[in-house]
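Below are the chains, spelled out letter by letter.
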Amino acid sequence: MLPESNAAPGYMYDECKATADWLLSQLSMRPLVGIVCGSGLGGLADSLKNQVVFKYSDIPNFPKSTVHGHAGRLVFGTLKGTSCVCMQGRFHLYEGYPVQKITLPIRVFNLMGVETVILTNAAGGLNQDYRVGDVMIIKDHINMPGFAGINPLAGPNEDRFGVRFPCMSDAYNRKLVRLAHEVGAELGFDEFLREGVYCMLGGPSFETIAECRMLNKLGADAVGMSTVHEVIVARHCGMRVFAMSLISNRSVMDYESEERANHEEVLQTGDDRAKQLEVFVATFVSRLGHASNGTH
Ligand SMILES: O=P(O)(O)O[C@H]1O[C@H](CO)[C@@H](O)[C@H]1O
Ligand code: HPA
């Protein structure tokens, strides 16, 4: 069965506000940092202290998670004293939801008071220097569905969130990219920390060899099926964004190769790096330097 269809874009603000108000009415904290866990990276949410957990199926207007490795829980809590909300599971275009619906949680983050969004994903490594298990700090993206007009901001602009034509040349906050390198160096993660360009495709089929070669020639270092639409929505409503990809598999670029992309390998790589990524995100969050501690 297909997920329920999206409300008309004109109603998106009211929908998001109702969801944010519903959540806030049950919480004694306000999150300052929003974290989205990619495939196999849901363990990041487990490191939050003083947790309050909601199943997506219990949250008004929220889509439901349908992908293995995406638990479908919204987890509130603190990371080293900073109030956070963590999506343990995200939504993807290929699940059948409209792009406005899969990005609804990012707008809900904004309406709850989130200032900084940290997005994680699992991605195929197009850059031939990358190894499985590398962590790529995203410095820029290529929005392939956007080339075909699939953009979460398409439709009437909602001025209460942001402007009609938001700039994307500063989508990935450069100070946060520098902070990530500092934190990575302090933790001794240099050897597997990279910086590069993420390309989003709609999925769910993995790429052909010709597609991987093309994407790499276009300047992409990693390829996945998420994140970009979330970044666009977060930037539209003025939140700062940091994003990173766990290179969960090498993209197949060679017709002689016996390698085959598969979701099981993606989840396994997430498991293997889970503990280090938890330490990385906790340390990174503790260094963000928010003005207040989020308890209102
Ligand atoms: O981007 P995340 O949610 O980490 O998931 C990635 O892993 C799945 C493929 O294994 C795809 O959904 C791809 O986008
Ligand atoms: O190779 C990949 N391609 C697209 N999405 C992915 N998500 C994890 N690995 C991949």
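Per chain, residue numbering runs from 1 following the sequence as it is written. Both sets of labels track the order of writing: A upward for chains, 1 upward for ligands. A pLDDT threshold of at least 70 governs which residues receive local features in this predicted model, and a stricter bar of 80 or more applies before side-chain atom pairs are shown or counted, although totals over entire chains, interfaces and linings include all residues. Note that water and hydrogens are dropped before the side-chain values are worked out from all heavy atoms of the structure.

To continue, consider the site of ligand 2. Each residue is tested against the molecule or strand, and it is near if at least one of its non-hydrogen atoms lies within 4 Å. Neighbouring residues of ligand 2: Ala122, Ala123, Gly124, Phe206, Glu207, Val223, Gly224, Met225, Ser248, Asn249 and Val266. Within the contact set of ligand 2, a nitrogen atom lies 3.3 Å away from a backbone nitrogen or oxygen of alanine 122. At a separation of 3.3 Å, a nitrogen atom of ligand 2 approaches a polar backbone atom of glycine 124. Those elements that place two or more of their residues in the shell around ligand 2 are β5 (116-125), β8 (222-224) and β9 (240-250). Examining the composition of the shell around ligand 2, we find that 3 residues originate from one element, β5, more than from any other. Each residue is assigned to one class: nonpolar for Ala, Val, Leu, Ile, Met, Phe, Trp, Tyr, Cys and Pro, charged for Asp, Glu, Lys and Arg, and polar for all the others, Gly among them. Residues that form the shell around ligand 2 fall into these classes: 6 nonpolar, 4 polar and 1 charged. Contacts described as polar in this section are N or O atom pairs within 3.5 Å, which, within protein, must combine one atom able to donate a hydrogen with one able to accept it, while residues neighboring in sequence count only if both atoms come from side chains. Elements are defined by DSSP. Helices are runs of H or I of four residues or more, strands are runs of E of two residues or more, and each kind is numbered from the N terminus.

What follows concerns the site of ligand 1. Near ligand 1 you find 13 residues, and of these Ser39, His92, Tyr94, Ser226 and His263 are the closest. Between an oxygen atom of ligand 1 and a side-chain N or O atom of tyrosine 94, the distance comes to 2.6 Å. Here an oxygen atom of ligand 1 sits 2.6 Å away from a polar atom, N or O, in the side chain of histidine 263. Only the protein chains shown count as cover for residues, with accessible areas throughout obtained via the Shrake-Rupley method and a probe of 1.4 Å. Alone, ligand 1 offers 350 Å² of accessible surface; in the complex the protein occludes 96% of this. Those elements that provide at least two residues to the shell around ligand 1 are β5 and α8 (263-286). The residue inventory of the shell around ligand 1, partitioned by class, reads 5 nonpolar, 7 polar and 1 charged.

On to helix α1 (residues 12-24). Each α-helix turn comprises 3.6 residues. Residues three or four places apart therefore point the same way. If you check α1, its first and last C-alpha atoms are 18 Å apart, about what 13 residues at 1.5 Å a residue would give, namely 18 Å. For α1, the elements touching its buried residues are β2 (49-55), β3 (73-79), α2 (99-102) and α3 (104-112). Given the number of residues in a helix, its expected span is that number minus one, multiplied by 1.5 Å. Contacts: residue pairs with any heavy atoms within 4.5 Å of one another.

Here is the rule: rings of Phe, Tyr and Trp (six-membered ring for Trp) pair when centre to centre is within 6.5 Å. Planes less than 30 degrees apart are stacked, more than 60 are edge-to-face, and the remainder are tilted. Using the criterion set out here, one finds 10 aromatic pairs in the structure. In textbook terms, an aromatic cluster arises when at least three aromatic residues are bridged by ring pairs, as seen for Tyr56, Phe62, Phe91 and Tyr97. Note on criteria: charge over ring means Lys NZ or Arg CZ within 6 Å of the ring centre, with the direction from the centre no more than 35 degrees off the ring normal. Of note, arginine 160 hangs over the ring of tyrosine 13, and the distance from its end group to the ring centre comes to 4.0 Å. Directly above the ring of phenylalanine 192 sits arginine 273, whose terminal nitrogen or CZ lies 3.6 Å from the centroid.

Next up on the list: the UniProt feature "domain: Nucleoside phosphorylase" (unreviewed entry) in the protein. UniProt positions are given in the numbering used here, feature names are shortened, and annotations may be inferred rather than shown by experiment. Under the UniProt annotation, the feature "domain: Nucleoside phosphorylase" (unreviewed entry) is placed at residues 33-285. As annotated, residues 33-285 has a helix share of 28% and a strand share of 26%, and its two end C-alpha atoms lie 8 Å apart.

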